[in-house]
Amino acid sequence: MRSRTPKALHPLAGRPLLLHVVAAAAAATGTEPLVVVSPEHPEVAAALDGVASTAEQAQARGTGDALRSVPEARRSAGPVLVLSGDTPLLRPDTLAALLGRQRETAAACVVLGVVPADPRGLGRLVRDAAGGVVRIVEERDLPPGEAAPAECNAGAYAFDGARLWPVLERLGSDNAQGELYLTDVVELLGGAEAVVAADPDEALGVNDRCQLATAEGVLRRRTLDALMLAGVTVEDPATTYVDPEVRVGRDSVLLPMTVLRGATTLGEGCVVGPMAQLRDVRGGDRVRIGASSLEECELGDDVVIGQYDRLRPGTHLGAGVYVGTHAELKNSHVGPGTRISHFSCVLDSDVGSDVNVGAGTVTCNYDGEAKHRTVIGDGAFIGTDASLVAPVRIGAGAYIAAGSVITRDVPDGALAVERARQTVVERWAERRRRPREDAS
């Protein structure tokens, strides 16, 4: 990967590469996976906290030795599913089928095979006359000059645990890489059965950033296909990016160049984009979002977000809230029916329902040392270009005159005006121009 970041932690569709494999294993087995990790990369074990247990492989001596690193207490005698940590496109139902075949046949091993368009880098399945897999040959160890088998190893196995663990001690390192290959276990067990995956993309391993980008494309297309089949319109899949955990209700529309990341959920009948960016957003039904950036916020039904707005973490908008253009909100609760106009900045505020926040309004939350909150009551009217210096409370139904700087609480129903007295100098422009004319 040419990176200081371990390969397993490179992001793929919004989460570390390894976590895709862990999630597929957990879904297929219903049990907590065990991941064999290197002590040289404690950050990998840290990323698995809460989703998988770990065992350390003291030295990187190959995939067979990695499996030998599983502690005795975790060595099940029943079916054992073994996966590679860099094959993120495996589907849970494919792995469930692999385990199902092992249970049905009581085979010592069932291996997942694929027939990819490009087999480079993959081990090959060698079958006997009866169709059984007699061994798996890594690409580097293929005999020169011989035709290579078309079937490849996808790196997924279902073993009979009672027979698996003893043969691991018989693994040798007489191969091109001098490692203990897990694939050699097949021959030591006397052969294997095979389940061939219908989708060869499932065997894609990630060893460089080109393959990482390819995997990203496959996952993205799967996600968009699932959304469209569930009733979501994606106008341009080629420019729309949606993470697998995102949920979008039917009859919603994703317009071009829209990005939905993380645990974003949107209700039915929403329209998002073009060029919208959402991460960890929870939205209700009939939400409309323009070319804006939203992060870790919550939107009620019928919320409208205009163009070039920024909603930062901790923002909660009630039903029917309207946000104009070039506005910013952060850590604020906004009540139903409130309108926040253009070029406004609402920070650390509690805004009631049916409030009008005029264009250019700023809730000044920071005094240079600490953040303070602004409270605006229901039905208040905040005039254009008002500055509300927190901590301050604007009462229900109160009016703030345009251009005012408010530093004290305003009672319910009151009008607050804070402006310098306007001075008009008649014929000032004429008098200013005359000396220059005389000089010329």
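All values reported here derive from a predicted model rather than from experimental measurement.

Student: Is there a simple way to explain the overall build of the protein in this structure?
Tutor: A tally of regular secondary structure across the protein gives 8 helices and 40 strands. Radius of gyration (C-alpha) of the protein: 31 Å, far over the 22 Å computed for a compact globule of 440 residues. Every one of the 440 residues in the protein was classed for burial, and the buried ones make up 46%. Considering only contacts in the protein between residues 6 or more positions apart, those separated by 24 or more positions represent 35%. A total accessible area of about 21700 Å² is found for the protein, and carbon and sulfur atoms account for 50% of it. Of the side chains in the protein, 45 bear a positive and 59 a negative charge, and the two mean positions are spaced by 6 Å.

Student: Just checking my understanding: could you explain the sheet that holds strand β29 (residues 339-340) for this structure?
Tutor: Neighbouring strands of a sheet are bound in pairs by backbone hydrogen bonds; such pairs are parallel or else antiparallel. Ordered by their spatial adjacency, 11 strands build an open sheet running β11-β14-β17-β20-β23-β26-β29-β32-β35-β38-β40, and the pairing between neighbours is parallel. Bordering the open sheet on either side are β11 (233-234) and β40 (415-416), each of which pairs with just one other strand. Where strand β38 (residues 399-400) meets β40, 2 bridges bridge the pair, whose relative direction is parallel. Counterpart to Tyr399 in the pairing with β40 is Leu415.

Student: Before we go on, may I ask you to explain a nonpolar patch on the surface in this structure?
Tutor: Together, Phe381, Tyr399, Leu415 and Val417 make up a nonpolar patch on the protein surface, roughly 410 Å² of accessible area in all. Relative to the elements of secondary structure, Phe381 occurs in strand β35 (residues 381-382).

Student: Which parts of the structure should I look at to understand the packing of aromatic side chains?
Tutor: The relative placement of two aromatic rings is captured by the distance of their centres and the angle of their planes. Considering all chains together, one arrives at 2 aromatic pairs under this definition. The interplanar angle of 20° and the centroid separation of 5.6 Å between the aromatic rings of Tyr157 and Phe159 together place this pair among those described as stacked. Taking the relative accessible area as the measure of exposure, Phe159 reaches 0% and is therefore buried. On the numbers, 5.4 Å between centres and 20° between planes, the contact of Phe381 with Tyr399 is stacked. Of this pair, Phe381 sits in strand β35 while Tyr399 sits in strand β38, placing them 18 residues apart in sequence. Exposure remark for Phe381: the relative accessible area of 36% places this residue in the partly exposed category. Accessibility expressed as a relative area gives 45% for Tyr399, which makes it partly exposed.

Student: Please clarify how the nonpolar core should be interpreted in this entry.
Tutor: One broad trend across soluble globular proteins is that nonpolar side chains are buried collectively. Within the largest apolar cluster, 46 residues are counted, with the highest numbers of intra-cluster contacts made by Leu299, Leu317 and Ile394. The set of elements that each furnish at least two residues to this core consists of α7 (209-229) and β37 (392-394). Not counting chain neighbours up to four residues away, the residues in contact with Ile394 comprise Val375, Ile376, Gly377, Ala380, Ile382, Leu388, Ile400, Ile406 and Val410. Within the second largest apolar cluster, 24 residues are counted, among which are Val80, Cys109, Phe159 and Leu168.

Student: I tried to follow the side chain of Thr94 on my own but got confused; where do I start?
Tutor: Along the chain, the position of Thr94 falls in helix α4 (residues 92-105). For Thr94, a relative accessible area of 14% puts it in the buried group. With residues up to four places along the chain from it excluded, the contact list for Thr94 reads Leu112, Ala197 and Glu202.

Student: Looking at this structure, how should I read helix α1 (residues 17-29)?
Tutor: Because an α-helix packs 3.6 residues into every turn, residues spaced three or four apart end up facing the same way. Where α1 is concerned, the buried positions are Leu17, Leu18, Leu19, His20, Val21, Val22, Ala24, Ala25 and Ala28. In the stretch just after α1, Gly30 is the one whose phi turns positive, near 75°.

Student: Would you take a moment to explain the pairing of strand β6 (residues 109-114) for this structure?
Tutor: Regular strands place side chains that alternate from one sheet face to the opposite one. Most of β6 is tucked away: 6 of the 6 residues are buried. Taking every second residue as pointing to the same face, both faces of β6 are buried, with Cys109, Val111 and Gly113 on one and Val110, Leu112 and Val114 on the other. Relative to strand β9 (residues 152-160), β6 is paired through 5 bridges, and the arrangement is antiparallel. Across the sheet, Val111 pairs through a bridge with Tyr157, a residue of β9. Two elements, β6 and strand β10 (residues 193-196), share 4 bridges in a ladder whose sense is parallel. Looking at the pairing, Val111 lines up with Ala194 of β10.

Student: Help me out: how do you make sense of the environment of Pro200 in this one?
Tutor: Looking at the element boundaries, Pro200 is found in the loop between β10 and α7. Accessibility expressed as a relative area gives 32% for Pro200, which makes it partly exposed. Distance in space between the C-alpha atoms of Pro200 and Pro119 is 9.9 Å, their sequence separation being 81 residues. Every residue in contact with Pro200, bar those within four places of it in the chain, is listed here: Val114, Val115 and Pro116.

Student: Please explain the pattern of salt bridges as it appears in this structure.
Tutor: Any two side chains of opposite charge can pair, given that their charged atoms come close. As enumerated under the stated definition, the model contains 29 salt bridges in all. The closest approach of N and O atoms between Arg91 and Glu202, which form a salt bridge, is 3.6 Å. With a gap of 111 residues between them, Arg91 in the loop between β5 (79-83) and α4 and Glu202 in the loop between β10 and α7 connect regions that are remote in the sequence. Residue Arg91 is classed as partly exposed on the basis of its relative accessible area of 27%. Assessed through its relative accessible area of 2%, Glu202 is described here as buried. One salt bridge in this structure joins Asp199 and Arg222, with 3.6 Å as the shortest N-O distance. Taken as a pair, Asp199 in the loop between β10 and α7 and Arg222 in helix α7 lie far apart in primary sequence, 23 residues in all. With a relative accessible area of 19%, Asp199 lands in the buried category. A network of salt bridges, in which partner residues are shared, links Arg61, Asp65, Arg68 and Glu169.

Calculation rules
- Residues numbered from 1 in each chain as written.
- Predicted model: local features only at pLDDT ≥ 70, side-chain atom pairs only at ≥ 80, totals over all residues.
- Heavy atoms only, no water.
- Helix = DSSP H or I, 4+ residues; strand = E, 2+ residues; numbered from the N terminus.
- Rg over C-alpha atoms; globule rule 2.2 N^0.38 Å.
- Buried < 20%, exposed > 50% of the residue type's maximum accessible area, 1.4 Å probe, protein only.
- Contact = heavy atoms within 4.5 Å.
- Areas by Shrake-Rupley, 256 points an atom, 1.4 Å probe, with all protein chains shown as cover.
- Lys, Arg positive; Asp, Glu negative; His and termini not counted.
- Charge placed at Lys NZ, Arg CZ, Asp CG, Glu CD.
- Pairing = 2+ DSSP bridges.
- Patch = residues over 30% accessible without salt bridge, like charges linked within 9 Å, V, L, I, M, F, W, Y side chains within 5 Å.
- Salt bridge = Lys/Arg side-chain N within 4 Å of Asp/Glu carboxyl O.
- Phe/Tyr/Trp six-rings, centres within 6.5 Å; stacked < 30°, edge-to-face > 60°.
- Core = buried A, V, L, I, M, F, W, Y, C linked by side-chain atoms within 4.5 Å.

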